[in-house]
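# Summary of the model geometry
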Amino acid sequence: MRAITDIIVKLFVDNGFVMSFLLVGIISLIANFVSSKLTRGRIHASAIAIFFGLILAYIGGKVTGGSKGISDVGMFAGLGILGSSALRDFTIVATSFGAKLSEIKKCGLIGIASLLVGVITGYLSGALVAIAFGYTDAISVSTIAAGTVTFVVGPVTGAALGAESTVIAISIACGLIKSVAVMLLTPMVAKKIGLNSPRAAMIFGGLMGTTSGTTAGLAATDASLVPYGAMTSTFYTGLGCLLCPSVLYSLTRLLLP
């Protein structure tokens, strides 16, 4: 029995990247079952799979005390490569290639306005939350507020401003909560807010940002809308990285010491 266990562990460790695909496939299979049988398709399998991934990342961090989630466990180290920023950005770009230029042009100034409104409202809501929890210095408030914009913008802003690691961690947590909320709630409110066209999807992506949450939420609503929401939500992240550590931080300093 021990010999079989050693073979299995060795197989996972020595072929970590290949085995990471197997693990993701199993998670996706379970997520599809939960989506179709338990939620009757109301919550898309991709959203459930991402939620499972977050749980595994938390467990991996608690068990190992590391900072890379489940990939800190030797036999799952391949997930660190599979889930790297390079592959993430590749999938975002590949997804956006499905968008039609004619539909993008229809969005026009409203799409640009949605990006500005989305970043600013996200930043303001995060700033209010930070102040409510007792943070009063401009650097901490700005970092947490930026994290509410997206969990990518938070650490970028924190690093630029010299924020404490604890504050940066809080900003990432805020972004993750927003991402999960968007991916789970989008299918439930899509009909009520008229999220049924490429133009609406682009505006939605500009307002919400959080590419992972927007993409999963739109996939659960209408897969044909995913490229449009992914495109503007990607611009949203870039705009947030530009505005939060500069203009929005400067404005925050005028109000806070």
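Going by the structure above, here's the rest.
I will try to describe carefully the structure that is included in this document. Nothing here was measured: the structure is a model prediction, and the numbers come from that model.

What follows covers unusual backbone geometry. We note that T210 has phi near 30°; this positive angle belongs to a residue other than glycine. The topology assignment puts T210 in the loop between α10 (198–208) and α11 (211–221). Take T210: its relative accessible area is 3%, and that puts it in the buried class.

Here we come to a nonpolar patch on the surface. Where nonpolar side chains cluster on the molecular surface, the patch consists of F51, I55, Y58, I59 and V63 and spans about 500 Å² of accessible area. Structurally, I55 can be placed in helix α3 (residues 45–64).

Mapped onto the secondary structure, A169 falls in helix α9 (residues 165–189). A C-alpha to C-alpha distance of 8.8 Å links A169 and I144, two positions 25 residues apart in sequence.

What follows is about the nonpolar core. Ranked by size, the top nonpolar core spans 23 residues in total, and within it Y123, V149, C244 and L248 carry the most contacts. Elements with a contribution of two residues or more to this core: α6 (101–132), α7 (138–149), α8 (153–161), α9 and α12 (226–255). Top contributing element to this core by residue count: α7, with six residues. Among residues more than four places away in sequence, those in contact with L248 are V119, Y123 and L243. Core analysis: the next-biggest nonpolar cluster, separate from the first, contains eleven residues, A190, A201, L218 and V226 among them.

Here we come to the environment of I168. Of note, I168 is situated in helix α9. Taking relative accessible area as the criterion, I168 reaches 18% and is therefore assigned buried. With near-sequence residues (within four places) excluded, I168 lies in contact with T143, P155, G158, A159 and A163.

Taken as a whole, the second largest pocket encloses approximately 220 Å³ of empty space. What lines the second largest pocket is simply I120, Y123, L124, A127, L128, I131, V141, L248, L251, T252, L255 and L256. Here the lining of the second largest pocket takes six residues from α6, the largest share from any one element. For the lining of the second largest pocket, a count of residues per class yields eleven nonpolar, one polar and no charged.

Reading the values: the criteria
Residues numbered from 1 in each chain as written. Predicted model: local features only at pLDDT ≥ 70, side-chain atom pairs only at ≥ 80, totals over all residues. Heavy atoms only, no water. Helix = DSSP H or I, 4+ residues; strand = E, 2+ residues; numbered from the N terminus. Buried < 20%, exposed > 50% of the residue type's maximum accessible area, 1.4 Å probe, protein only. Patch = residues over 30% accessible without salt bridge, like charges linked within 9 Å, V, L, I, M, F, W, Y side chains within 5 Å. Areas by Shrake-Rupley, 256 points an atom, 1.4 Å probe, with all protein chains shown as cover. Salt bridge = Lys/Arg side-chain N within 4 Å of Asp/Glu carboxyl O. Core = buried A, V, L, I, M, F, W, Y, C linked by side-chain atoms within 4.5 Å. Contact = heavy atoms within 4.5 Å. 1 Å grid on protein atoms, 1.4 Å probe; cavity = no way out; pocket = protein on both sides within 12 Å on 5 of 7 lines; lining within 4 Å. Points joined across faces, edges and corners; volume = space filled by probe spheres on them. Nonpolar A, V, L, I, M, F, W, Y, C, P; charged D, E, K, R; others polar.

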